[in-house]
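Residue-level structural notes
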Amino acid sequence: MNHRRALRAAVTIAVTGALAAAMTMTLTSTASAGTTLRASAAEKGRYFGAAVATGKLSTSAYTTILNREFNSVVAENEMKWDATEPQQGRFSYTGGDRLVSHAQANGMSVRGHALLWHQQEPGWAQGMSGSALRSAMINHVTQVATHFRGKIYAWDVVNEAFADGGGGGRRDSNLQRTGNDWIEAAFRAARAADPGAKLCYNDYNTDGINAKSTGIYNMVRDFKSRGVPIDCVGFQSHLGTSLAGDYQANLQRFADLGVDVQITELDVMTGGNQANIFGAVTRACMNVSRCTGITTWGVRDCDSWRGSDNALLFDCNGNKKAAYTSVLNALNAGPAIPTTPPPTDPPPTTPPPTDPPPTTPPPGTAGCSASVSLNSWNGGFVATVKVTAGSAGTSGWNVGVTLASGASVTNTWSATASGSTGSVRFANVDYNGRLGAGQVTEFGFQGTGSGAGITPTCTAS
């Protein structure tokens, strides 16, 4: 939710909240199992969260409900770009750190929201474009994710980058105009900065199978096919008086791509159907094994951005509404996440998938070979390097590149870099050095300047 944006009556208008940080998700509760939202969700291996404005943490009536009912929090505004980097290169984490501390003290996980969003950019970034903005945005992702490293369950790395309407394409913004690969670059930078956090894309008006949700689906499918690090997709679900009939099917099709799905900003217009819609959303999540949690955008009706819509589970006096009972019943009746989860991408600490060895070892005998693919924009690039072992395999490898004049390496993943300009060498990390004959692994690096002319050479040990 954006306190600086005028409230709008149409429930299709997006709200984006800042998610703040928590440590490892804690799925325990001091309440009896099944009698609170947090306890019931935890029983089923999920979280039930709320968006929080840290200024309200000093209000006991507010925190009593928050601590009793929710085991996850997200900051409304305190972790957005304008709050965390009000001046270029000068970072402020006071609000986010306060929320993290509260979460840690009360057994809550934290969703981080949002590293990049076309709104609530600080003034200095609003006036930037091209390579200068690309460098600034990657630095912002790197610095903020590094600061909260190990304390965030899931980051909304990019928020609301797709346009409304029938085309299913990208939203025009200063970020998009830095190059169509800006979302990929952001996810790669976030993975390098915090390998343990789930990395999510988040958007609104995606509650059913429509042009916008399909555009996002196609992006996620492409990312998964190319090894771009994306772990989850967030569905804001700011709802009116009805719910798309294919809501669950939409969640499931994303889950089938191999990503988690999360309901991230749920609120529902008051009226005779409010309790039914809250219950239906909860049941849909429970019926999708990779739906890992639900977050409501606020705690009480008077905390909601939607004003007189009275769109949450508690009234302003803290009383539970019929919608609360509907949600709790759906949580208690729903299945648990299987103890053996569906296949997921291996975490950074385990070897990435490798291609099977070809029947004929590649040329190059006992050494190794390397090739590179580039995503470039004006002023920067991302390089993905494929290392292929020769006929004798490897116990380790080292790849050298020579960068163009003025180019510099700013981030590296799945390798360690020696140097950042001129001649740079990349060595394997502990999980990807040993390769059988013909096996393949990949690493990547991001840079400023031009990536033209990069020709990697590989040496095996």
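Residues numbered from 1 in each chain as written. Predicted model: local features only at pLDDT ≥ 70, side-chain atom pairs only at ≥ 80, totals over all residues. Heavy atoms only, no water.

Regarding its fold elements, the protein chain presents eleven helices and 17 strands. The buried share of the protein chain, taken over its 461 residues, is 56%. A separation threshold of at least 6 residues defines the contact pool for the protein chain, and within that pool the share at least 24 residues apart is 78%. With the model as given, the accessible surface of the protein chain reaches about 16900 Å², and the carbon-plus-sulfur share is 51%. (Helix = DSSP H or I, 4+ residues; strand = E, 2+ residues; numbered from the N terminus. Buried < 20%, exposed > 50% of the residue type's maximum accessible area, 1.4 Å probe, protein only. Contact = heavy atoms within 4.5 Å. Areas by Shrake-Rupley, 256 points an atom, 1.4 Å probe, with all protein chains shown as cover.)

Before going further, it helps to examine helix α7 (residues 182-193). The terminal C-alpha atoms of α7 lie 16 Å apart, and with twelve residues this matches the ideal 16 Å at 1.5 Å per residue to within 8%. The buried count for α7 comes to eleven of twelve residues, which makes it a mostly enclosed element. Turning to α7, its buried residues are W182, I183, E184, A185, A186, F187, R188, A189, A190, R191 and A193. (Expected span 1.5 Å × (residues − 1).)

Further remarks concern helix α4 (residues 94-105). Given a rise of 1.5 Å per residue, twelve residues ought to cover 16 Å, and the 17 Å separating the end C-alpha atoms of α4 matches this to within 8%. What α4 keeps buried is the set G95, G96, L99, V100, H102 and A103. Burial along α4 is one-sided: seen end-on, the buried residues are contained in an arc of 165°. For α4, the exposed residues set more than 90 degrees away from the buried face come down to T94 and A105. At its buried positions, α4 is contacted by β1 (47-52), α2 (60-69), β2 (72-75) and β3 (109-117). (Arc of directions from axis to C-beta.)

With that settled, consider the pairing of strand β16 (residues 440-448). Burial analysis of β16 places seven of its nine residues in the buried class, the great majority of the element. Inspection of the sheet shows strand β11 (residues 380-389) paired to β16 by nine bridges, in the antiparallel sense. Bridged to F381 within β16 is G447. (Pairing = 2+ DSSP bridges.)

Next up on the list: the state of the cysteines. Scanning all chains against the criterion turns up three disulfides. Disulfide pairing is shown between C368 and C458; the S-S distance is 1.9 Å. Between C368 and C458, the disulfide has an S-S torsion of -100° and is therefore left-handed. Here C368, found in strand β10 (residues 368-377), pairs with C458, found in strand β17 (residues 457-460); they are 90 residues apart in sequence, far enough to count as distant. (Disulfide = S-S within 2.5 Å.)

Okay, the confidence of the model for the protein chain next. Low pLDDT marks regions whose predicted coordinates should not be analysed in detail. Scored by pLDDT, the protein chain has a mean of 87; 85% of the residues are at 70 or more. In the model, residues 1-32 has pLDDT below 50 throughout and makes 139 contacts with residues more than four positions away in sequence or in other chains. Here residues 341-365 is a poorly scored stretch, pLDDT under 50, and it has 34 contacts once near neighbours within four places are set aside; other chains count. (pLDDT = per-residue confidence, 0-100.)

Here we have four strands laid out as an open sheet, ordered β14-β15-β12-β17, and antiparallel in their pairing. Both outer strands of the open sheet, β14 (416-418) and β17, are each paired with one neighbouring strand and no more. Ignoring strand direction, the axes of neighbouring strands in this sheet form an average angle of 25°. Sheet topology places strand β12 (residues 397-402) next to β17; four bridges connect them, and they run antiparallel. The partner of N398 across the bridge, within β17, is T459. (Axes fitted to C-alpha atoms, helices over the stretch in contact; angles between N-to-C directions.)

Another point: unusual backbone geometry. A cis amide bond, omega -10°, links H113 with the succeeding residue A114. The topology assignment puts A114 in strand β3. Despite not being glycine, E160 has its phi angle at roughly 55°, a positive value. Tracing the sequence through the fold places E160 in the loop between β4 (154-159) and α7. Owing to a relative accessible area of 1%, E160 belongs among the buried residues under this scheme. Backbone geometry places N205, a non-glycine residue, at a positive phi of 55°. On the secondary structure map, N205 appears in the loop between β5 (198-203) and α8 (211-226). For N205, a relative accessible area of 23% corresponds to the partly exposed category.

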